[in-house]
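Here's the letter readout for the chains.
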Amino acid sequence: MTDAAFEIAFKNVFGRAPEGAWAAPGRVNLIGEHTDYNDGLVMPFALPHTTRAAVARRDDGLLRLHSADMDGGVVELPVADLAPGTTEGWARYPAAVLWTLRQAGHAIGGADIHYDSTVPVGGGLSSSAALQVVTALALTELHGVQGLSRQELALLCQSSENTYVGAPVGVMDQTASACCTEGHALHLDVRGLAQRQVPFDLAAEGLRLLVCDTRVKHAHADGAYGKLRAGCEAAAEVLGVPALRDVAYDGLQAALDALPDDRLRRLTRHVVTENQRVEEVLALLDAGRTREIGPVLTAGHVSLRDDFQVSCPELDLVVEAALAAGALGARMTGGGFGGSAIVLVEAADEAAVGAAVAAALPQVRQFATVPGPGARRLW
């Protein structure tokens, strides 16, 4: 939909013109899964797929939300009544953002917001983070909030999902949506929030990255994600470290020997080795040896499947079919329990590998992707 058509869609819903429109992308995580809430290392990049928001302020204390992609019409919420546990469905996410901004002392009032999105929902590609970030960026810019960096915006969005929605997610997804730049992957040290934009131009090297959405849905707030995080925190407590990030790769075996049960050992082994894989991918990209990241991606999938146990049969099938057809590497991406896998291929092999994946899992939705820009104002 063009910008002009998007503006008309807002007018059709709310009977007036918007004051502007914003976009925020979903993300693919190249490597570094379930490390962010362990103070670790991640390397996501922004998708070209975005959630857009056309917005106009209101002075009557109402937040009115409408999505072209969701059933149910306009959701109307009194701003003064917003609180954790009071909002249902998809509207929790933008409501959470507004509530969190106000809790942080920002003078944000009511608004009319119309959304549309090309980010696959439930695909492990951070559709919820895109929704949060585009809402936060639009509301803060419209209300003249000053001095809020993109990283601080991402932290507020993470807080909104933790506190209001009730999902104990890390900050990677929101940071990727808010801070990524076109043509780059984002190397993020979650503990200190140090960022580095890493050039990631696959086309220039004759490579492609396929995203394969299994269409198996997941939900971070269903309890499984929280149990994983609690297990990691329990392991860190036993080991006497602030977070599993502090377990050195060359000291992993000693740490595993000190843990009392197999589950904590598996969780720890994944986090420590996954942080090491992020560093390996960074070194290979810096050295111009992009093809060699393939086996590192695959090793990440094996760890997520066997140690963290967050894969599913459909994701495993995609990875196995892609590798058998000649892919350089493949792994699940995102929180797991469904969602998407990424597949690194030679450009010449893209069609054959894609066909093999589709034959193995006919329901799969595939597309090749490149790193897109982060959140921005459209007009």
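Residues numbered from 1 in each chain as written. Predicted model: local features only at pLDDT ≥ 70, side-chain atom pairs only at ≥ 80, totals over all residues. Heavy atoms only, no water.

Undergrad: What is the right way to read the side chain of Thr273 from this model?
TA: Structurally, Thr273 can be placed in helix 8 (residues 262-286). Its relative accessible area of 13% is what places Thr273 among the buried residues. Within the structure, Thr273 has its side chain in polar contact with the backbone oxygen of Arg269 (distance 2.7 Å). In this structure Thr273 touches Tyr249, Leu252 and Ser303, once residues within four positions along its chain are discounted. (Helix = DSSP H or I, 4+ residues; strand = E, 2+ residues; numbered from the N terminus. Buried < 20%, exposed > 50% of the residue type's maximum accessible area, 1.4 Å probe, protein only. Polar contact = N/O pair within 3.5 Å; in protein donor to acceptor, adjacent residues only side chain to side chain. Contact = heavy atoms within 4.5 Å.)

Undergrad: Is there a simple way to think about the environment of Ala325 in this case?
TA: As for its placement among the helices and strands, Ala325 is situated in the loop between helix 10 (313-324) and strand 9 (329-333). Ala325 sits in the partly exposed class, given a relative accessible area of 30%. When the C-alpha atoms of Ala325 and Leu131 are compared, they prove to be 36 Å apart, with 194 residues separating the residues in sequence. Non-local contacts of Ala325, meaning those with residues more than four positions away in its chain, are made with Ala352, Val353 and Ala356.

Undergrad: Looking at this structure, I do not really get the packing of helix 9 (residues 293-308) against helix 10. What am I missing?
TA: Helix-helix packing is described using two parameters, namely the angle between the two axes and the distance between the axes. It is at 12 Å that the axes of helix 9 and helix 10 come closest, and there the two elements cross at 155 degrees. Judged by the angle between their axes, helix 9 and helix 10 are roughly antiparallel. Where helix 9 crosses over helix 10, the two elements pack in a sense that is left-handed. Listed contacts from helix 10 to Thr298, His301 and Arg305 of helix 9 are Leu315, Asp316, Val319 and Leu323. (Axes fitted to C-alpha atoms, helices over the stretch in contact; angles between N-to-C directions. Parallel < 35°, antiparallel > 145°, perpendicular 65-115°, else oblique. Left-handed = near helix turned anticlockwise from the far one by under 90°.)

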